[in-house]
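Residue strings, one per chain:
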Amino acid sequence: MAQQEGAQLLRRVPELDLVMGPQHANRLEDLLEEVFSGNQVVATEPVHIMEDITKPRRDSTMTAWVNVIYGCNERCTYCVVPGVRGVEQSRTPEAIRAEMEQLGSQGYKEVTLLGQNIDAYGRDLPGITPEGRHQNTLTDLLYFVHDVPGIERIRFATSHPRYFTERLIRACAELPKVCEHFHIPFQSGDNEILKAMARGYTHEKYRRIIDTIRRYTPDAAISADAIVGFPGETEAQFENTLKLVEDIGFDQLNTAAYSPRPGTPAALWQNQLSETVKSDRLQRLNHLVATKAMERSQRYRDRIEEILVEDQNPKDPTQVMGRTRSNRLTFFPGNINELNGNLVPVRITEVRPFSLTGEVLS
Ligand code: SF4
């Protein structure tokens, strides 16, 4: 919104001090200085993100997010990102590795490599192999950063089915630090809706990707994002989404009822669905998601899982919580002061759709 409206926002809401686009987030300190000197500030012009001013976000002292590519060149018809975040800009593998090495030396154990469409990583970087293959791909990056000392787990998000490769799946199976968890949004199980969304793949292709993942790593957790009630979605098309969810059995699915975003093509279409239809479909989908997630959770019962302890259980101070490699939230009795940041073997004793409970092995 800041990016779209810029200085107009200051005219509409004169009490605003600062209008800042996301590309300027790492200049926040300087911008606030200007505000404190009494200025109204607009920082929305497109800028090329420069390496030395990148200040990544840290939520915890043992898991960190590392941006590898900014922006997005896709044009999904519901999405505001391309309009506001600009074109793809990849960081160099060396800069990413250097940041991970620093994190490893500070005691971080887990890194999630981030990009709006992480499979696009490297397309804007130079580097072609003698066989003519681009050598700065996400797969190459995983091999390049895999042995960073101290980092025990590597994840990446968000994947795009259009660009997801078997080579990447093979790398994930080969590299022990890359966790067996794939987050690949499918958005809809219906080919017509996928076309209207301009996603660039079919549900058949999506299913083939999941089959390939399960061939290489049968136990991998699969999560995704889905939208229901996209403009023009019929009941039969929505049922195709249900069918995909039924067939694949996701470990987790982030669901949303479509909501029009200003400045996106789909927001202007006349065939919008009513809120009642959208919320009915969302409820039906969520019900199925929970049922399938519970089925997927069953496989953890009595298993020993490695948990990276992240915090105290906010509802029970006698317990700590962390995640399995497959990203299932897990609770078990323990003292956070002793266990924080440790990788602990835990026997799973209780399973729920989206979380587990266990007991630590001595
Ligand atoms: S949904 Fe994802 S891939 Fe599509 S335009 Fe938005 S950020 Fe890019």
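None of these values were measured; they are calculated from a predicted model.

> How would you summarise unusual backbone geometry if you had to cite specific residues and measurements?
What you tend to see is this: most non-glycine residues have negative phi, and most peptide bonds are trans. Residue T158 is reached from A157 by a cis peptide bond, and omega for that bond is 5°. One non-glycine residue, A198, lies in positive phi territory at about 60°. Within the secondary structure layout, A198 lies in the loop between α8 (191-196) and α9 (203-216). Even without glycine at this site, N327 takes up a positive phi of about 80°. Among the residues examined, N327 registers a relative accessible area of 23% and is labelled partly exposed.

> Just give me the short version of the pairing of strand β5 (residues 110-115), but keep the residues and values in it.
On a regular strand, each side chain points to the face opposite its neighbour's, so the side chains alternate between the two faces of the sheet. Extensive coverage of β5 is indicated by the burial of five of its six residues. Note: strand β3 (residues 63-70) against β5, six bridges, orientation parallel. Note that in β5 the partner of W65 across the bridge is T112.

> Residues and numbers for the sheet that holds strand β8 (residues 221-228), please.
Read from one edge of the open sheet, three strands run β7-β8-β9, paired in parallel fashion. The sheet is open, and its two edges are formed by β7 (181-183) and β9 (252-257), each paired on a single side. On average, adjacent strands in this sheet sit at an angle of 10° to one another, irrespective of strand direction. Two elements, β7 and β8, share three bridges in a ladder whose sense is parallel. When the sheet's bridge partners are listed, H181 is paired in β8 with A221.

> Give a detailed account of the packing of aromatic side chains, specifying residues and quantitative values.
Two descriptors summarise a pair of aromatic rings, namely the distance from one centre to the other and the angle between the planes of the rings. In this structure the tally under the stated criterion is seven aromatic pairs. Where F186 meets F250, the ring centres are 5.3 Å apart and the plane angle is 20°; that geometry is what we call stacked. Pair noted here: F186 is in the loop between β7 and α8 and F250 is in the loop between α10 (235-248) and β9, with a separation of 64 residues, a long-range link. Residue F250 is classed as buried on the basis of its relative accessible area, which comes to 2%. Among the aromatic residues, ring-to-ring pairing joins Y78, F230, Y258 and W269 into one connected group. Above the ring of F144, the side-chain terminus of R97 is found at 5.8 Å from the ring centroid. Over the aromatic face of Y163 sits the side chain of R123, whose NZ or CZ is 4.6 Å from the ring centroid.

> Help me get a handle on the site of the ligand, residues and values and all.
Around the ligand, a shell composed of C72, E74, C76, Y78, C79, V81, P82, Q116, H160 and R199 is seen. Looking at the shell around the ligand residue by residue, the class counts come to six nonpolar, two polar and two charged.

> An account of the pairing of strand β10 (residues 304-313) is requested, with residue identities and associated values reported.
Bridge analysis of β10 against strand β13 (residues 343-351) gives five bridges, and the strand direction is antiparallel. In the sheet register, E305 faces β13, and the bridge partner there is V346.

> Outline a negative patch on the surface, listing residues and values.
Together, E29, D30, E33 and E34 make up a region of like negative charge exposed at the surface. Relative to the elements of secondary structure, E33 occurs in helix α3 (residues 28-36).

> Quick one: what's the story with the domain arrangement of the chain, residue by residue and with numbers?
How big an interface is tends to be stated in terms of the accessible area lost upon association of its parts. Domain boundaries assigned for the chain yield domain 1 (1-47), domain 2 (49-298) and domain 3 (302-360). Placing a centre on the C-alpha atoms of domain 1 and another on those of domain 2 gives a separation of 30 Å.

> Could you give an account of the environment of I222, naming the residues involved and the relevant values?
Locating I222 in the fold gives a position in strand β8. When its relative accessible area of 0% is taken as the criterion, I222 is described as buried. The spacing of I222 and V81 is 141 residues in sequence and 24 Å in space, taken between C-alpha atoms. Apart from residues lying up to four places away in sequence, I222 is in contact with F182, I210, I213, R214, F250, D251 and Q252.

> Outline a nonpolar patch on the surface, supporting the account with residue identities and numerical values.
Residues L28, L32 and F36 make up a contiguous nonpolar surface patch of about 300 Å² in total accessible area. Within the secondary structure layout, L32 lies in helix α3.

> Could you give an account of the sheet that holds β5, with specific residues and numbers?
Taken in spatial order, the four strands line up as β4-β3-β5-β6 in an open sheet, and their pairing is mixed. The sheet is open, and its two borders are formed by β4 (89-90) and β6 (153-157), each paired with just one other strand. The sheet contact formed by β3 and β4 spans two bridges and is antiparallel. The residue bridging Y70 from the neighbouring strand is Q89, located in β4. Across the sheet, helix α5 (residues 93-105) touches β3, β5 and β6, and the angle it forms with β3 is around 170°. Of the strands in this sheet, β3, β5 and β6 are in contact with helix α6 (residues 138-145), which crosses β6 at around 160°.

About the thresholds
- Residues numbered from 1 in each chain as written.
- Predicted model: local features only at pLDDT ≥ 70, side-chain atom pairs only at ≥ 80, totals over all residues.
- Heavy atoms only, no water.
- Helix = DSSP H or I, 4+ residues; strand = E, 2+ residues; numbered from the N terminus.
- Buried < 20%, exposed > 50% of the residue type's maximum accessible area, 1.4 Å probe, protein only.
- Pairing = 2+ DSSP bridges.
- Axes fitted to C-alpha atoms, helices over the stretch in contact; angles between N-to-C directions.
- Phe/Tyr/Trp six-rings, centres within 6.5 Å; stacked < 30°, edge-to-face > 60°.
- Lys NZ or Arg CZ within 6 Å of the ring centre and 35° of its normal.
- Near = heavy atom within 4 Å.
- Nonpolar A, V, L, I, M, F, W, Y, C, P; charged D, E, K, R; others polar.
- Patch = residues over 30% accessible without salt bridge, like charges linked within 9 Å, V, L, I, M, F, W, Y side chains within 5 Å.
- Areas by Shrake-Rupley, 256 points an atom, 1.4 Å probe, with all protein chains shown as cover.
- Salt bridge = Lys/Arg side-chain N within 4 Å of Asp/Glu carboxyl O.
- Lys, Arg positive; Asp, Glu negative; His and termini not counted.
- Charge placed at Lys NZ, Arg CZ, Asp CG, Glu CD.
- Domains from an automatic or database assignment.
- Contact = heavy atoms within 4.5 Å.

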